[in-house]
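# Structural features, examined
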Amino acid sequence: MLSRLVGQLAETRIFWLKNLLIEQFIKQYKVNMSEAQEEDIRGYPTFNAFFTRELKPDARQICQGEKDIACPADGAISQLGDIKEGRIFQAKGHDYSLYTLLGGNNEDALPFKNGRFATVYLSPKDYHRVHMPIDGKLIATHYIPGQLFSVNQTTAENVDSLFARNERLVCLFETAAGPLAVILVGAMIVAGIETVWAGQVAPPPKTVQTRRFDQQETIELKKGDELGRFKLGSTVILLFGENAMEWLPAFDAGTETRMGEALGKLL
């Protein structure tokens, strides 16, 4: 209820209130507005428009190597590594089910059973659009209703199966490197999840919603293209299949990330 109420406030068009919210947020979280396409807060019709602000074209560079995997978002690595027999590491003493994360569909989960994962946490100050790590063709999406636990490090260390319990949108892609999943996880105070092909997809009615894409409805995205965005912050999880790629050794739990930088390599 708190998240949805905040979501309504974030859409207010009362000029002075909207400006006050943005000013206080920038001050509290030290947001770098020099990177924003629109630097003047008065140019944003709502707080959500500010929060999902577009960056200047040269603010982020997309890694150009043919085998480079681009980081999907600004933020910090929560965890990354191997998926072990369908279990994903969350924090010390905690892991969770790949099958549950993807909505209980064994056919979708099987290609990732012994693959690799990366979890990127977006803090309030970060740029909140999510971009493609490699070229891909959209095969299916699953909206999965759930809780709205906070997704910071404290909750990751204390809430069992956190990411498989929260509201989330699973996006499944077909790529030259095999299957790819990009999962946008909701959290406390997250007022919505949007994609570039469907607009706002969360929160809809609290039922699982699956959408399959075929030749009549083809959506192909290039590396670095925008995929979606969070109305207030959360987490992105990437899944790759077995022997498809490896993460660069410079990245570990706690490493800060910038959208577009090389996060891994295709094999």
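Structural notes, computed from the coordinates. Just so we're clear, the structure is a prediction, and the values are computed from it rather than from any experiment.

About the thresholds
- Residues numbered from 1 in each chain as written.
- Predicted model: local features only at pLDDT ≥ 70, side-chain atom pairs only at ≥ 80, totals over all residues.
- Heavy atoms only, no water.
- Salt bridge = Lys/Arg side-chain N within 4 Å of Asp/Glu carboxyl O.
- Helix = DSSP H or I, 4+ residues; strand = E, 2+ residues; numbered from the N terminus.
- Buried < 20%, exposed > 50% of the residue type's maximum accessible area, 1.4 Å probe, protein only.
- 1 Å grid on protein atoms, 1.4 Å probe; cavity = no way out; pocket = protein on both sides within 12 Å on 5 of 7 lines; lining within 4 Å.
- Points joined across faces, edges and corners; volume = space filled by probe spheres on them.
- Nonpolar A, V, L, I, M, F, W, Y, C, P; charged D, E, K, R; others polar.
- Core = buried A, V, L, I, M, F, W, Y, C linked by side-chain atoms within 4.5 Å.
- Contact = heavy atoms within 4.5 Å.
- Pairing = 2+ DSSP bridges.
- Axes fitted to C-alpha atoms, helices over the stretch in contact; angles between N-to-C directions.

### Focus on the pattern of salt bridges
Scanning the model with the defined rule gives 15 salt bridges in all. Of the charged contacts, one joins D74 and R60 as a salt bridge, the two residues approaching to 2.5 Å between their closest N and O atoms. Note that D74 is positioned in the loop between β1 (68-70) and β2 (75-82) and R60 in the loop between α3 (47-51) and β1, a separation of 14 residues in sequence. On the basis of relative accessibility, which here comes to 4%, the residue D74 falls in the buried class. Classification of R60 as buried rests on a relative accessible area of 10%. For K125, the salt bridge goes to D126, with nearest N and O atoms at 3.3 Å. If you follow the salt bridges from partner to partner, you end up with E35, R60, D74 and R258 in one network.

### Quick notes on the layout of surface pockets
The computed volume of the second largest pocket comes to approximately 320 Å³. For the second largest pocket, the lining is made up of 18 residues, of which R60, D74, K125, D126 and Y127 are closest to its centre. Contributing elements (two or more residues each) for the lining of the second largest pocket: β2 and β17 (256-257). Residue composition of the lining of the second largest pocket, grouped by class: 5 nonpolar, 4 polar and 9 charged.

### A short note on the nonpolar core
Formed by 36 residues in total, the largest nonpolar core has its most connected members in F173, V182, W197, L227, F240 and W247. In contact with W247, not counting residues within four places along its chain, are L80, G81, R116, F117, A118, L238, F240, L263 and G264.

### A few points about the sheet that holds β1
The antiparallel open sheet is built from 3 strands, whose spatial order is β1-β18-β16. Each end of this open sheet is capped by a strand with a single partner; those strands are β1 and β16 (245-247). Averaged over neighbouring strand pairs, the angle between their axes works out to 35° when direction is ignored. Note that β1 and strand β18 (residues 262-266) share 3 bridges and pair antiparallel. Each residue of the ladder has a partner; that of D68, found in β18, is K265.

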